[in-house]
Amino acid sequence: MEAAVRDFTTDQSCMALNTVTVRKQGDLQAIIDACLRHKIPAIVPWREQVAELGLRTASRAIERAGLVVPGYCRGGMMVADESRLGEARDDNRRAVDEAAELGAKCLVLVVGGLPQFSRPGSAPSKDIGAARALVADEIARLLPYAVKCGVRLALEPLHPVHAANRACVNTLGQALDLCDAIDQTGQGGLGVAVDVYHTWWDPDLANQIARAGAARLHAFHVCDWLVPTRHPLTDRGMMGDGVIDIPRIRGWVESAGYQGFCEVEILSDVWWARSMDDTLHACVRAMREAV
Ligand code: ZN
């Protein structure tokens, strides 16, 4: 199994940069330019950065730079009360349209937690079961549109610390149950994004990655879990600086047949405070040494 794992020590052709990693250091155009300087071949942009530059301009800039777009961040926040549900659906269809325009291979879905946090203005609820049922319905509604547009959906389970406000899908097993219930084609229109930060603690992770297989594994995100973690959202570590056995998880993912990009996604006040080039240099080095 270990022999199947790709060698990243001298080859960064499988590296992707999630633009959130350097979002405070510059706009999307500056990040595209920096990817070229650091020989990072793929980029996963966020909607607000694309909107800031303008969709067509962003799309052309990425294409001109020759960057691959393995994913687009993000759709989701699907949990809403009746008054906000239409807005959530429109927003998700727009996210699919944008992903298609950018040539993104998938749209990452962070599905939302309780309605009052997922879509502010919704009536407060404590019913996480209802939130989960709604997520299933809404993904089932969005999927045919995404398939028609040629965009795969990548459901990203988040660490349970985010269950209330960001995502009530919290384990890879739960995400795959949704995939199996909603998308029985086996064509991979609906799959998952495995982020080591959100999943490393799960005792069933190896089994669930094997269960997912190549058809459902749409994305693989890396960073590290720091101890202590000072903030659940903005204190992620550089790969190698924390406690996640990233090479082991990458081994599971690649043994399951995943041959896609390895996406660096670090939300960190520490790394946002460094220069763009410092942070990207550290990312490239950590990809070689710790992933
Ligand atoms: Zn992620």
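What comes next is a walk through the structure. Everything numeric in this text was worked out from a predicted model, so none of it was measured. (Residues numbered from 1 in each chain as written. Predicted model: local features only at pLDDT ≥ 70, side-chain atom pairs only at ≥ 80, totals over all residues. Heavy atoms only, no water.)

With that settled, the discussion passes to the packing of helix α4 (residues 82-102) against helix α6 (residues 128-149). Interaxial distance between α4 and α6 falls to 10 Å at its minimum, and their mutual angle equals 35°. Where α4 crosses over α6, the handedness of that crossing is right-handed. The residues of α6 that touch α4, namely those facing Leu85, Arg89, Asn92, Arg93, Val96, Asp97 and Ala100, are Leu134, Glu138, Arg141, Leu142, Tyr145, Ala146 and Cys149. The residue inventory of the contact of α4 with α6, partitioned by class, reads 8 nonpolar, 1 polar and 5 charged. (Axes fitted to C-alpha atoms, helices over the stretch in contact; angles between N-to-C directions. Helix = DSSP H or I, 4+ residues; strand = E, 2+ residues; numbered from the N terminus. Left-handed = near helix turned anticlockwise from the far one by under 90°. Contact = heavy atoms within 4.5 Å. Nonpolar A, V, L, I, M, F, W, Y, C, P; charged D, E, K, R; others polar.)

What follows covers the layout of surface pockets. Quantified by volume, the largest pocket comes out at close to 230 Å³. Taken together, 16 residues line the largest pocket, and the ones lying closest to its centre are Trp46, Arg74, Arg166, Leu233 and Leu267. If you list the elements that add at least two residues to the lining of the largest pocket, you get β3 (72-76) and β4 (106-110). Across the lining of the largest pocket, the residue classes tally to 7 nonpolar, 2 polar and 7 charged. Taken as a whole, the second largest pocket encloses approximately 160 Å³ of empty space. Lining of the second largest pocket is provided by 16 residues; of these, Arg152, His218, Tyr258, Gly260 and Phe261 occupy positions nearest its centre. Per element, the largest residue contribution to the lining of the second largest pocket is 4 residues, and it comes from strand β7 (residues 217-222). Residue classes in the lining of the second largest pocket are distributed as 8 nonpolar, 5 polar and 3 charged. (1 Å grid on protein atoms, 1.4 Å probe; cavity = no way out; pocket = protein on both sides within 12 Å on 5 of 7 lines; lining within 4 Å. Points joined across faces, edges and corners; volume = space filled by probe spheres on them.)

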